[in-house]
Amino acid sequence: MNLRLHDTSTRSVRDFTPRVSGAASLYLCGLTVQAPPHIGHLRGGVNYDVLRRWLTHHGLDVNFVRNVTDIDDKLLAKALEQDRPFWSIAYANERLLAADYASLGVLEPTYEPRATGHIPEMLTLIAELIEKGHAYLASDDSGDVYFDVRGFPEYGALSGQRIDHMQAAPDGPDRAKRDPRDFALWKGEKPTEPQNAFWDTPYGRGRPGWHLECSAMARRYLGDTFDIHGGGMDLVFPHHENEVAQSRAAGLGFARYWVHIGMLNLGGEKMSKSLGNVIDLTALRKLVRPAEVRYYLAVPHYRSVIDYSEAALKESASAYRRIEGFVRRAAERLGADEVHVDRGVLCADFTAAMDEDLNTSAAMAAIHEVTREGNSAADAGNDKAFGSAAASVRRMMDVFGLDPLSPQWTETDGGGDLRGTLDALVAMTLEQRQAARARRDYATSDVLRDQLTAAGVQVEDTPHGPRWTYETQKG
Ligand SMILES: Nc1ncnc2c1ncn2[C@@H]1O[C@H](COP(=O)(O)OP(=O)(O)OP(=O)(O)O)[C@@H](O)[C@H]1O
Ligand SMILES: [Zn+2]
């Protein structure tokens, strides 16, 4: 395998060699489900889905764990605000997230653990850290347990910072800690927080700190050492710095590579629930189809910043439609078997780009190039080259989770049976239009065409007869 990946911990692009030959283990920090997801959250899910598909393409058996943070400061604050149990807010948002991922074709993870289901694993880790002298009970009577950052010399290595330059951790008062930067592993019960959010422990009643949750869940499902840990770049510090500190101080190898995803910004700032500058998938679906949203999120390199704009979204949609139109035309003219995804080969430029730190934009440029060649072959009547280009394009698009003819897209985009019905109705109308033209009744022919346009059907006359596409502008 020639795959290379950027590793945040070394700040360099390194050869990826899995810990266990033939397998790969991945952990992605999932959402804190305090509110419905926005498209910034979905970007990470889509980018990791492409990584996972590429690892699978390399023949690796991928164990992909993406957690759900269903207890955390922000969620408890929301519960008080809404006078609703924290778990009902968490569950409702978790379901919205699952629906969004499904509509974008994000494969389900191998497992999706919820933090609240792993309190025993978290308590075990705390006990190990206390035992090894890396954690201590707060000196006030809060019941908090802190990680001792000065007792762990590697602290700051992941984010490339020196302890003295770091800000204090916001958990608990400085007077209760050995160092203001010490962060909470466990938070003692507070009378101001919802009373259904605490567990009994040897340190009193309390709840977990966010960082501890991921260390415990990654260990439970991926083992002491695993291949790739990821999340957005905003999580490098403090979240991932703290995760790695907890796990390594406990004697675990933890992540071998750290793969971080660039932010999706709106108005020059991170799209964020906390800032309120969010756009969700429902809003985008009024402008373009889910496959086009996926294209928009998946094509820019995963470490680049995406500055959301409607114009760029629409450009992505047109780029996707060029590929989709090409593949559909090939399937219509040559038959589905001739352009079967399994017959396709990945072109060398595509593979080289994907292997070089998942250069998805270069890989997509290679797909467009094959599309152009395929279109020229079609115009020249070279059906063999047309068919093999189309199969190739399908196979490469499949790595992106974007094969236009996969049931994911044909069955959801006005799709499946419905698409067949629509096709039959459009064909009938076009026959009437042809008949009108044959009897030189151009007024009727124009009316029929205008009616199709008004219904969102674009008709193009080609040497092989009329072709149509559906406009999905829902307004
Ligand atoms: N605007 C964004 N662009 C890309 N990734 C994001 C964005 N916002 C959050 N993420 C990623 O989504 C995942 C879940 O994040 P989490 O629920 O902690 O969100 P958050 O940062 O608290 O969101 P918010 O700031 O909207 O409250 C993390 O991997 C995080 O890095
Ligand atoms: Zn995490």
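Anyway, here's the lowdown on the structure attached to this text. On a predicted model such as this, the values are computed, not experimentally measured, just so you know.

Considering all chains together, one arrives at 35 salt bridges under this definition. Residues Lys187 and Asp171 are paired through a salt bridge, measuring 3.6 Å at the closest nitrogen-oxygen approach. Here Lys187 is found in strand β7 (residues 184-188), whereas its partner Asp171 is found in the loop between β6 (145-147) and β7, with 16 residues between them in sequence. Linking Glu310 and Lys314 is a salt bridge whose minimum nitrogen-to-oxygen distance equals 3.6 Å. Of this pair, Glu310 and Lys314 both sit in helix α9 (residues 310-334), four residues apart, which is roughly one turn of that helix. Residue class for Glu310 comes out partly exposed when judged on its relative accessible area of 40%. The class of Lys314 is partly exposed, set by a relative accessible area of 32%. Three or more residues joined by partner-sharing salt bridges are found here, namely Asp73, Asp171, Lys187, Glu193 and Arg207.

Surrounding the zinc ion (ligand 2) are the protein donor atoms Cys29 (SG), Cys214 (SG), His239 (NE2) and Glu243 (OE), which sit 2.0 to 2.4 Å from the metal. Linear spacing of the donor residues for the zinc ion (ligand 2) on their chain is C-x184-C-x24-H-x3-E. Here Glu243 lies in helix α6 (residues 236-249) and Cys29 lies in the loop between β3 (23-28) and α1 (39-57), a separation of 214 residues in the sequence. Note on accessibility: Cys29 and Glu243 belong to one class, buried.

What follows deals with the sheet that holds β7. Spatial strand order, β5-β6-β7-β8: four strands in an open sheet with antiparallel pairing. The open sheet terminates on both sides in strands that have one partner only, identified here as β5 (135-137) and β8 (206-208). Recorded for the sheet is a direction-independent mean angle of 25° between the axes of neighbouring strands. Relative to β8, β7 is paired through three bridges, and the arrangement is antiparallel. The residue of β8 that forms the bridge with Gly188 is Gly206.

Cut-offs applied
Residues numbered from 1 in each chain as written. Chains lettered and ligands numbered in written order. Predicted model: local features only at pLDDT ≥ 70, side-chain atom pairs only at ≥ 80, totals over all residues. Heavy atoms only, no water. Salt bridge = Lys/Arg side-chain N within 4 Å of Asp/Glu carboxyl O. Helix = DSSP H or I, 4+ residues; strand = E, 2+ residues; numbered from the N terminus. Buried < 20%, exposed > 50% of the residue type's maximum accessible area, 1.4 Å probe, protein only. Donors = N, O, S within 2.8 Å, 3.2 Å for Na, K, Ca; no water. Pairing = 2+ DSSP bridges. Axes fitted to C-alpha atoms, helices over the stretch in contact; angles between N-to-C directions.

Honestly, that's just the spatial picture; any functional story needs more than this.
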